[in-house]
Amino acid sequence: LKALAYIQGWSDAKPMSSRTGVAMVESPPLAFADVYARNFTFVYRVVARLAGGGDVEDLVQEVFLVVHRRLHEFRGDARLTTWIFRIAYRTVGAHVRRERLRRRMRELFAGTQEEHSLADAASDALDAARRVRVALESLTFAERSALVLFEVEGMSAAELADAFDVPVGTIYRRLHHARRAFAARFRASEEEAPA
Amino acid sequence: VSVERDPELARLLEAALDPAVPRRGAERRVEQRLAARLARPARPTPLWTLVGAGVLACALGVFFGRRARTPATSAAPIAAASWLPLAHARVALLGSSALRVEHEDERESVVRLVAGTALFHVQKGTGRRFVVRAGRTRVEVVGTVFGMELEGEHARVEVVEGTVRVSDGEATQTLAAGASSPPGAHVFALTPDELARLRAPFPAASAPRLPSAPTPVAKPASTQEAASSTPPKPSSAAPSRSAPVRAEPLPATNEGSVAASDAYHGARALERSGALDRAISAYRAIASAPGPNAEDAAFALVRLPAERGASGAVLAAVAEYRAAFRAGRYARDVDVLELNAHLARRDTRAAARDADAFLADYPDDARAWRFRLVRGAERARAGECDAATSELARVPDGPEKTAALAPCSGVETP
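Below is a summary of the structure that appears in this document.

How each quantity is defined
Residues numbered from 1 in each chain as written. Chains lettered and ligands numbered in written order. Predicted model: local features only at pLDDT ≥ 70, side-chain atom pairs only at ≥ 80, totals over all residues. Heavy atoms only, no water. Helix = DSSP H or I, 4+ residues; strand = E, 2+ residues; numbered from the N terminus. Buried < 20%, exposed > 50% of the residue type's maximum accessible area, 1.4 Å probe, protein only. Contact = heavy atoms within 4.5 Å. Areas by Shrake-Rupley, 256 points an atom, 1.4 Å probe, with all protein chains shown as cover. Buried area = accessible area lost by both parts, 1.4 Å probe. Salt bridge = Lys/Arg side-chain N within 4 Å of Asp/Glu carboxyl O. Polar contact = N/O pair within 3.5 Å; in protein donor to acceptor, adjacent residues only side chain to side chain. Nonpolar A, V, L, I, M, F, W, Y, C, P; charged D, E, K, R; others polar. Disulfide = S-S within 2.5 Å. Expected span 1.5 Å × (residues − 1). Arc of directions from axis to C-beta. Phe/Tyr/Trp six-rings, centres within 6.5 Å; stacked < 30°, edge-to-face > 60°. Lys NZ or Arg CZ within 6 Å of the ring centre and 35° of its normal. Core = buried A, V, L, I, M, F, W, Y, C linked by side-chain atoms within 4.5 Å. Patch = residues over 30% accessible without salt bridge, like charges linked within 9 Å, V, L, I, M, F, W, Y side chains within 5 Å. Axes fitted to C-alpha atoms, helices over the stretch in contact; angles between N-to-C directions. Parallel < 35°, antiparallel > 145°, perpendicular 65-115°, else oblique. Left-handed = near helix turned anticlockwise from the far one by under 90°.

### Points about the overall build of chain A
Phase 1: Secondary structure assignment for chain A yields eight helices and zero strands.
Phase 2: Helices (α) and strands (β) of chain A occur, in sequence order from the N terminus, as α-α-α-α-α-α-α-α.
Phase 3: Per-residue burial over chain A gives 53% buried out of 195 residues.
Phase 4: By sequence separation, contacts in chain A at least 24 residues apart represent 65% of the contacts at least 6 residues apart.
Phase 5: For chain A, the computed accessible surface area is about 8,700 Å², with 53% contributed by carbon and sulfur atoms.

Dropping the structure here:
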């Protein structure tokens, strides 16, 4: 998470300083209140990026509930931010999958398309942002997360691999698939947009 | 196999995604909701889990039977607790609560809850009485953990550990651990960390120590618990013995990093409440001593004057931060604030130096464009229009960029 560490409030990230070449030493374990105060902005940013909308504060709360419950399990094997990131990733992932399932169920039983349909997006050719969101929706959560964190947050593949706890090759594959699927979906919405 | 970044895609995504910056007050809102969730009783669990938990509870009960249960719920949002270490007792005052010490000698302590909620841990085995008055309610204890909330002429009482005798002018009742008066009253609005701190055993060295003269008992430095390396509460006059002590986050205990963390949170609470001068004093005290939050406090000393537009104070704090934390985790933030301070002072030469240093170290930082803007403007002013145009090509379009390029507006550039 080095690439994210510069953001104010991401206090636990400790990049190697290019000025001094000195790496920061990890702080000792902290009380939950301290962990909350020092990592709130970090968690908020991660959740906002991974969830891509919705009530971010609710999800941040869920993440910290898990952190509170499991803080005693943190042994310092990974950096605290990495550990928290994984919790945030799993929490948001579960939320996104739950929401998708709910939407599909509603579509199935109500026989109508939900708000993020391609048709809706195409009906507003000028709304590129919405088309981007619809295209992102077509990706799996893992692909979407990798794409956003790589492209928007500037994380490297190695950092993503560390954060997701997967091999670097998996990250490359996810990015490759994510870009291809995103481009196809985005292009489709562009073509279907009224002239 | 490698994947290169696609700037076009990045711009597209960034424009479409919601800003990932917390909205105003988000931290406080989530904190309050979190506190309410943590204080809520657990959800009903399946039968097999209950059976297993029951067996386990029985086993544990053999060992911990004498331990009292923790408070179950709290209706109130958790307020930052302030700590008053009294003789043989520890008191957490919630919010703007106030407590007055009416009497204290070798045999007893008598305190009065003037307003709000106070949670007490009274040391066992000292043989002294501890009496709390709140309106018409009087609570007498020997060794216990309990809380009181003043409501009109009466007080709500919740006992967590031990036994207390509550008299309310008309009747007297004894409350054991887990009981409340009136029944169901919940006054423990503490975070789990704070509750653990309240319930923590008293230090072994905390032998009877009583103020010999009218020593202000609420002054942290006058007690055993205050004998820590944490700096004393800055610039606060010692309250008189009879004067109510308003709840204030006190950066003083001897409980190691927990105390340091509390001091930091006290400073943050002051900052949130708008008491910026006091927050700065508190941060300065934390930053001046080694501790887990020293760097956070040192950065706060840069950030707060920056928010107030005090560029001189920012530059002084930047120098102090860098002297203490050469490879600090806020190094880049400090660089940005230093740049802003130099710009506010119209010291373009210093700002240009900042830009050169930052861009040499962090050319790909998300905030590098600010430094490029400064460097581009400087080059445009110097008549180096090609260099200025090249520098500003990586700066987002906007009025600042246009203004930076203004000196070159009449010059043709390739």
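The structure having been displayed, the exposition proceeds.
### Remarks on unusual backbone geometry
Phase 1: Positive phi values are uncommon outside glycine, yet Asp165(A) reaches one of about 60°.
Phase 2: Here Asp165(A) is to be found in the loop between helix H7 (157-164) and helix H8 (168-192).
Phase 3: Using a relative accessible area of 58% as the deciding quantity, one classes Asp165(A) as exposed.
Phase 4: Its identity is not glycine, yet Arg346(B) carries a phi of approximately 55°, on the positive side.

### Details of the interface of chain A and chain B
Phase 1: Residue-level contacts link 59 residues of chain A with 57 residues of chain B.
Phase 2: A combined buried area of about 5,000 Å² lies between chain A and chain B, and 59% of that area is made up of carbon and sulfur atoms.
Phase 3: Where chain A meets chain B, there are five salt bridges.
Phase 4: Ionic pairing is found between Arg29(B) and Glu57(A), a salt bridge with its closest N-O pair at 2.6 Å.
Phase 5: For the interface between chain A and chain B, the tally reads nine residue pairs in polar contact (both at pLDDT 80 or more).
Phase 6: Counting residues per element, the side of chain A that touches chain B draws most heavily on helix H1 (residues 32-51) of chain A, which supplies twelve residues.
Phase 7: Grouping the amino acids of the side of chain A that touches chain B by side-chain chemistry returns 30 nonpolar, 14 polar and 15 charged.

### Here's the deal with the state of the cysteines
Disulfide: a covalent bond formed between the sulfur atoms of two cysteine residues.
All names here are of chain B.
Phase 1: For the structure on display, the rule yields one disulfide over all chains.
Phase 2: Between the sulfur atoms of Cys385 and its disulfide mate Cys408 the distance is 2.2 Å. Looking along the S-S bond of the Cys385-Cys408 disulfide, the torsion reads about -90°, which is the left-handed sense. Here Cys385 is found in helix H12 (residues 385-392), whereas its partner Cys408 is found in the segment after helix H13 (399-405), with 23 residues between them in sequence. As far as the burial class goes, Cys385 and Cys408 line up, both buried.

### A few points about helix H8 (residues 311-324) of chain B
Residue and element names in this part refer to chain B.
Phase 1: With 14 residues, H8 ought to run about 20 Å at 1.5 Å a step, and its terminal C-alpha atoms sit 20 Å apart, in line with that.
Phase 2: Buried within H8 we find Ser311, Val314, Ala317, Val318 and Tyr321. For H8, the arc enclosing every buried residue in end-on projection is 115°, short of the 170-degree limit, so these residues lie on one face. Among the exposed residues of H8, those pointing more than 90 degrees away from its buried face are Glu320, Ala323 and Ala324.

### Structural notes on the packing of aromatic side chains
Residue and element names in this part refer to chain A.
Phase 1: Considering all chains together, one arrives at 16 aromatic pairs over all chains under this definition.
Phase 2: Between the aromatic rings of Phe32 and Phe64, the centroid separation amounts to 6.4 Å while the plane-to-plane angle is 75°, which identifies the pairing as edge-to-face. Of this pair, Phe32 sits in helix H1 while Phe64 sits in helix H2 (residues 56-70), and the two are 32 residues apart along the sequence.
Phase 3: With relative accessibility at 9%, the residue Phe32 sits in the buried group.
Phase 4: Of the residues examined, Phe64 reaches a relative accessible area of 0% and is grouped as buried.
Phase 5: Their ring planes at 35° and their centres at 4.5 Å tell us that Tyr89 and Phe164 sit as a pair that is tilted. A residue pair is termed long-range when its members are at least 10 positions apart, and Tyr89 in helix H3 (residues 80-110) and Phe164 in helix H7 qualify at 75 residues. There is no split in this pair, since Tyr89 and Phe164 are both buried.
Phase 6: One residue, Arg131, lies across the ring of Phe186, its end atom 4.7 Å from the ring centre.

### Regarding the environment of Val46(A)
Residues and elements named next belong to chain A.
Phase 1: Considering the arrangement of structural elements, one finds Val46 in helix H1.
Phase 2: Linking Val46 and Phe85, residues 39 residues apart in sequence, is a C-alpha distance of 7.3 Å.
Phase 3: Setting aside residues up to four positions removed in sequence, Val46 forms contacts with Phe85 and Ala88.

### Comments concerning the pattern of salt bridges
Two side chains that carry opposite charge are able to pair once their charged atoms sit near each other.
Phase 1: Per the stated rule, a full pass over the model turns up 25 salt bridges over all chains.
Phase 2: In this structure, Arg38(A) and Asp296(B) form a salt bridge, with 3.4 Å as the shortest nitrogen-oxygen distance. Taken together, the positions of Arg38(A) in helix H1 and Asp296(B) in helix H7 (residues 294-308) put the pair across two chains. Across the pair, Asp296(B) and Arg38(A) agree in class, each one buried.
Phase 3: The salt bridge partner of Arg322(B) is Asp335(B), with a shortest N-O separation of 2.6 Å. Taken together, the positions of Arg322(B) in helix H8 and Asp335(B) in helix H9 (residues 331-344) put the pair 13 residues apart, joining distant regions of the chain.

### Observations concerning the nonpolar core
Phase 1: Counting 48 residues, the largest nonpolar core has Val47(A), Val60(A), Phe64(A) and Val67(A) as its most contacted members.
Phase 2: Counting residues per element, the ones that place at least two in this core are H1, H2, H3, helix H6 (141-151), H7 and H8 of chain A together with helix H2 (26-39) of chain B.
Phase 3: The greatest single-element share of this core, amounting to twelve residues, is contributed by H1(A).
Phase 4: Dropping the residues within four chain positions of it, Val60(A) is found in contact with Phe40(A), Val43(A), Tyr44(A), Val47(A) and Val30(B).

### Digging into a nonpolar patch on the surface
Residue and element names in this part refer to chain A.
Phase 1: A cluster of nonpolar side chains, namely Leu101, Met105, Leu108 and Phe109, defines an oily patch on the protein surface of about 480 Å² accessible area.
Phase 2: Relative to the assigned elements, Phe109 resides in helix H3.
Phase 3: Residue class for Phe109 comes out exposed when judged on its relative accessible area of 67%.

### Brief notes about the packing of helix H11 (residues 368-381) of chain B against H12(B)
Residue and element names in this part refer to chain B.
Phase 1: Where H11 contacts H12, the axes come no closer than 8 Å and their chain directions differ by 165°. As the angle between them shows, H11 and H12 are arranged roughly antiparallel. Like other packed secondary-structure pairs, H11 and H12 cross with a definite hand, here left-handed. Taking contact as the criterion, the partners of Arg372, Leu373, Arg375, Gly376, Arg379 and Ala380 in H11 are, on H12, Ala387, Ala388, Glu391 and Leu392.
Phase 2: Grouping the amino acids of the contact of H11 with H12 by side-chain chemistry returns five nonpolar, one polar and four charged.

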